[in-house]
Amino acid sequence: MSDGPVSVVMIAYNAERFVGEAVGSVFAQTVLPSEVVVIDDGSTDATAAIAAADPRVTVLRRPHEGISASRNAGIAACRCQHLAFLDADDVWLPRKLELQLAALDEHGSDAAFCRADEFWDADVPIEGSGVRTPQVGVDAPLMSALLIRRSTAHEIGPFAGASFGDWINWWSRARAQGVTEVVVPEVLLRRRLHGSNNSHRKADEAGPVLLQTVREHLRVTRPDTA
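Calculation notes
Residues numbered from 1 in each chain as written. Predicted model: local features only at pLDDT ≥ 70, side-chain atom pairs only at ≥ 80, totals over all residues. Heavy atoms only, no water. Helix = DSSP H or I, 4+ residues; strand = E, 2+ residues; numbered from the N terminus. Buried < 20%, exposed > 50% of the residue type's maximum accessible area, 1.4 Å probe, protein only. Contact = heavy atoms within 4.5 Å. Areas by Shrake-Rupley, 256 points an atom, 1.4 Å probe, with all protein chains shown as cover. Salt bridge = Lys/Arg side-chain N within 4 Å of Asp/Glu carboxyl O. Pairing = 2+ DSSP bridges. Right-handed = clockwise from strand over helix to strand, strands pointing away. Arc of directions from axis to C-beta. pLDDT = per-residue confidence, 0-100. Polar contact = N/O pair within 3.5 Å; in protein donor to acceptor, adjacent residues only side chain to side chain.

Moving on, we get to the overall build of the chain. Each helix and strand counted, the chain has seven helices and 11 strands in total. The buried share among the 226 residues of the chain stands at 48%. The contacts of the chain with a sequence gap of at least 6 include a subset with a gap of at least 24, amounting to 75%. Of the roughly 10500 Å² of accessible surface on the chain, a fraction of 52% belongs to carbon and sulfur atoms.

Our focus in this paragraph is the pattern of salt bridges. Scanning the entire structure with this criterion turns up nine salt bridges. The partner of Asp-54 in a salt bridge is Arg-56, with the nearest N and O atoms 2.9 Å apart. With a closest N to O distance of 3.2 Å, Arg-191 and Glu-118 form a salt bridge. One end of the pair, Arg-191, is in strand S11 (residues 181-193); the other, Glu-118, is in strand S8 (residues 111-120), with 73 residues separating them in the sequence. With a relative accessible area of 10%, Arg-191 lands in the buried category.

What follows concerns the pairing of strand S4 (residues 35-41). For S4, the tally of buried residues reaches seven of seven residues, placing the bulk of the element in the interior. Of the two faces of S4, both are covered, the one formed by Glu-35, Val-37, Ile-39 and Asp-41 as well as the one formed by Val-36, Val-38 and Asp-40. With six bridges connecting them, strand S2 (residues 6-12) and S4 associate as parallel partners. Its bridge partner being in S4, Ser-7 is matched across the sheet by Glu-35. One crossover worth recording links S4 to the parallel strand S5 (residues 57-62) by way of helix H2 (residues 47-52), and it is right-handed.

Those residues of helix H1 (residues 19-26) not exposed but buried are Val-19, Ala-22, Val-23, Ser-25 and Val-26. Buried residues of H1, seen end-on, are gathered within an arc of 160° and therefore sit on one face of the element. At its buried positions, H1 is contacted by S2, strand S3 (31-32), S4, H2, S5 and strand S7 (91-92).

Moving on, we get to the confidence of the model for the chain. This prediction gives the chain a mean pLDDT of 85; 78% of its residues lie at or above 70. Predicted confidence is poor over residues 197-218, with pLDDT under 50, and the contacts of this stretch with residues over four places away or in other chains come to 33 contacts.

This part is about the environment of Arg-62. Within the element layout of this structure, Arg-62 appears in strand S5. Counting along the chain gives 22 residues from Arg-62 to Asp-40, while the straight-line C-alpha distance between them is 6.0 Å. The residues contacting Arg-62, other than those within four sequence positions of it, are Ile-39, Asp-40, Asp-41, Gly-42, Ala-69, Ser-70 and Ala-73. Side chain to side chain, Arg-62 and Glu-65 meet in a polar contact 2.5 Å long.

Printed below as a string of structure tokens:
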């Protein structure tokens, strides 16, 4: 294994059951990141202590301000040429960074995604929880699947808005700005479903956030109509 020019940003909030496995998957990479920054978003459990148990991890403890503020703080703390993001409840497969770095070099793209397998969290009863059936081998336009050039992330600008829609908003702006992307056609991410994922928000929460995201997209791409 060799060190690679990658900073890993992990946002964690009351994730003591998951964060150790997530950090472990980062350090099981065939190309190791140069720095790993875990932003503890005001957790009230042992999340920060578990992450800090590995001396290779830098833990930033912050008041609970939400995912957007934490992601912005994480990006600001990183110095490497590339940024990779991993939610504290997800897991990378060992060749994720290796294959995505190679894809960026081969295609000259600004960002790389991969495919993902979803899985039910073993410690959460699924029956009656409303958690959907996991998908397998699907293209994953998700934060945990993203590797992006740091300069590109700064050009897109900061994350903003509610936690449910901050990623949708941010990547909508990226595409409006012409950011180029490639998808590595291999499963390199395992995404945990446990009923509290942002994608399982109630419909009455999702509607206003998605409307706000559409308006932001129109403001960037068609300022005369937004």
